[in-house]
Amino acid sequence: MKSGSGLCTLNVGGRRFSFSAELMKRLPLSRLSRLHRCVSESELLELCDDYDRDRNEFFFDRHSEAFSFIMLYVQHGTLRFVPHMCELSFYNEMLYWGLESADLQPCCQRRLDERLSDCFVHFFPEEEPRDPEEPQGRWLERMRRTFEEPTSSLAAQILASVSMLFVVISMVMLCASTLPDWKTTETLDQHRIIEAVCIGWFTAECLVRFLLSRDKCEFVRRPLNIIDLLAITPYYVSVTMTVLTGENSQLQRAGVTLRVLRIMRIFWVIKLARHFMGLQTLGLTLRRCYREMMMLLVFICVAMAIFSALAQLLEHGLDLETGNQDYASIPAACWWVIISMTTVGYGDMYPVTVAGRVLGGLCVVSGIVLLALPITFIYHSFIQCYHELKVRSTRCTHSLPAELIH
């Protein structure tokens, strides 16, 4: 066998491609790099369909034109679909050679996602051989998906439903605890019991997901997990303060710190983002569109500086004695600019001079234009994020069991 030196020939569907052994080792195709590392002919035949020792030629019963496009990607860094070829078939060829959908151009990625979503057909790249603890690893992976991916199985859906039920109960109790009729001793005791049960569930769920996670540091850095910690921690802080200071201490009677900690339980409602695609789409859109959001804030700040200075001058600055006292300062005028640009118009302050009203009209029209400019980019990003999460959820729902992937 001469795969480690000289010239290697790949015969893909009857079409030959010749490479040096060193070049084949550097190609960004995992199948070829694994082929180069083989030390026996039996290992070679696991990766190719046949092998000619004399000519050092590897045979692959695959689509030759698709491989030609893949080689163009290797040379020029641009991967597109083969014209008049099914997207799913080409994607299957990509996975066979060791490429992923992320290697496609964005337009081709959208076409592939649409086909996958419409046909509910999903492919899986070949995985590396697992270690001898495969049954245990498979069980841990199944448990991890049950807790992390609500649509992966019936057990995951039941677990997600129970978690959502606890979130709803905790939110209802938080709102009801502010009612005057609920501030009796009996209702407070009942509220504490229900609160403790909900917190116990959230804590157990968070601990199990932490223990099942592959990367513990990555788990702590995820936004949804940070929100879980923010929702759980105030309860234990308030309980600790109660134990240390006593029920009737001055700190407890003041209650400001405890009220702040209790109201932080409103973060529990964000836990619903783990189970609702809409909230996930919103978070992903905000993360991807932070530049557009900063642009929007810059537009508002520049317009606020200009219009507030002019409004203060026209309404108060020209006549300090009889001028409109609502515009006595530029910071006070900034409030009027914000509610005018966003077309809210509370009516608590408004211009009374003719020049001020003309300026107010310009402020409203400018606000509509300036706010609309970045919205288009944010809207398209929202649609794209929603589509990506929908396809990901569909892939998870219709994915094959791990035993069948091999």
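Source: prediction; values computed, not measured.

A regular strand carries its side chains on alternate faces of the sheet. Here four bridges tie strand β1 (residues 7-12) to strand β4 (residues 57-60), and the two strands are oriented parallel to one another. Residue pairing across strands places N11 opposite F59, the latter belonging to β4. Bridging between strand β3 (residues 50-52) and β4 involves three bridges; their strand directions are antiparallel. Of the residues in β4, the one forming a bridge with D50 is F59. Following β3, the chain reverses through four residues before pairing antiparallel with β4; N56 in that reversal takes a positive phi of roughly 50°.

For side chains bearing opposite charge, pairing can occur when the charged atoms are close. In total, this model carries four salt bridges according to the counting rule given. The closest approach of N and O atoms between E57 and R16, which form a salt bridge, is 3.0 Å. Placement of E57 in strand β4 and of R16 in strand β2 (residues 15-20) is noted, with a sequence separation of 41 residues between them. The buried category is assigned to E57, whose relative accessible area is 2%.

Interhelical geometry of helix α14 (residues 277-288) versus helix α15 (residues 290-317) gives an angle of 70° and a closest axis separation of 5 Å. Compared by their axis directions, α14 and α15 come out roughly perpendicular. In this structure, α14 contributes L286, R287 and R288 to the contact, and α15 contributes Y290, E292 and M293. In the contact of α14 with α15, the residues fall into three nonpolar, no polar and three charged.

Now for the sheet that holds β4. Ordered by their spatial adjacency, four strands build an open sheet running β2-β1-β4-β3, and the pairing between neighbours is mixed. Looking at which strands have only one partner, the edges of the open sheet turn out to be β2 and β3. Each strand of the sheet is rotated relative to its neighbour by a mean of 20°, with strand direction disregarded. Packing against the sheet, helix α4 (residues 64-76) makes contact with β1 and β2, and its axis sits at approximately 30° to β2.

One way to put it is that α15 packs onto helix α16 (residues 330-341) with a least axis distance of 8 Å and a crossing angle of 120°. Taken together, the axes of α15 and α16 lie oblique to each other. The element α15 and its partner α16 pack so that their crossing is right-handed. Together, A303, M304, F307, S308, A309, A311 and Q312 of α15 and I330, A333, C334, W336, V337, I338 and M341 of α16 make up the contact between the two elements. Tallied by class, residues from the contact of α15 with α16 come to twelve nonpolar, two polar and no charged.

What follows covers the packing of aromatic side chains. Under the criterion given, the structure shown has eleven aromatic pairs. Joined through ring pairs, the aromatic side chains of F17, F60, F67, Y96 and W97 make up one cluster. Directly above the ring of Y96 sits R31, whose terminal nitrogen or CZ lies 3.7 Å from the centroid. Between the NZ or CZ atom of R62 and the centre of the ring of Y96, over which it lies, the distance is 4.0 Å.

Calculation notes
Residues numbered from 1 in each chain as written. Predicted model: local features only at pLDDT ≥ 70, side-chain atom pairs only at ≥ 80, totals over all residues. Heavy atoms only, no water. Pairing = 2+ DSSP bridges. Helix = DSSP H or I, 4+ residues; strand = E, 2+ residues; numbered from the N terminus. Salt bridge = Lys/Arg side-chain N within 4 Å of Asp/Glu carboxyl O. Buried < 20%, exposed > 50% of the residue type's maximum accessible area, 1.4 Å probe, protein only. Axes fitted to C-alpha atoms, helices over the stretch in contact; angles between N-to-C directions. Parallel < 35°, antiparallel > 145°, perpendicular 65-115°, else oblique. Contact = heavy atoms within 4.5 Å. Nonpolar A, V, L, I, M, F, W, Y, C, P; charged D, E, K, R; others polar. Left-handed = near helix turned anticlockwise from the far one by under 90°. Phe/Tyr/Trp six-rings, centres within 6.5 Å; stacked < 30°, edge-to-face > 60°. Lys NZ or Arg CZ within 6 Å of the ring centre and 35° of its normal.

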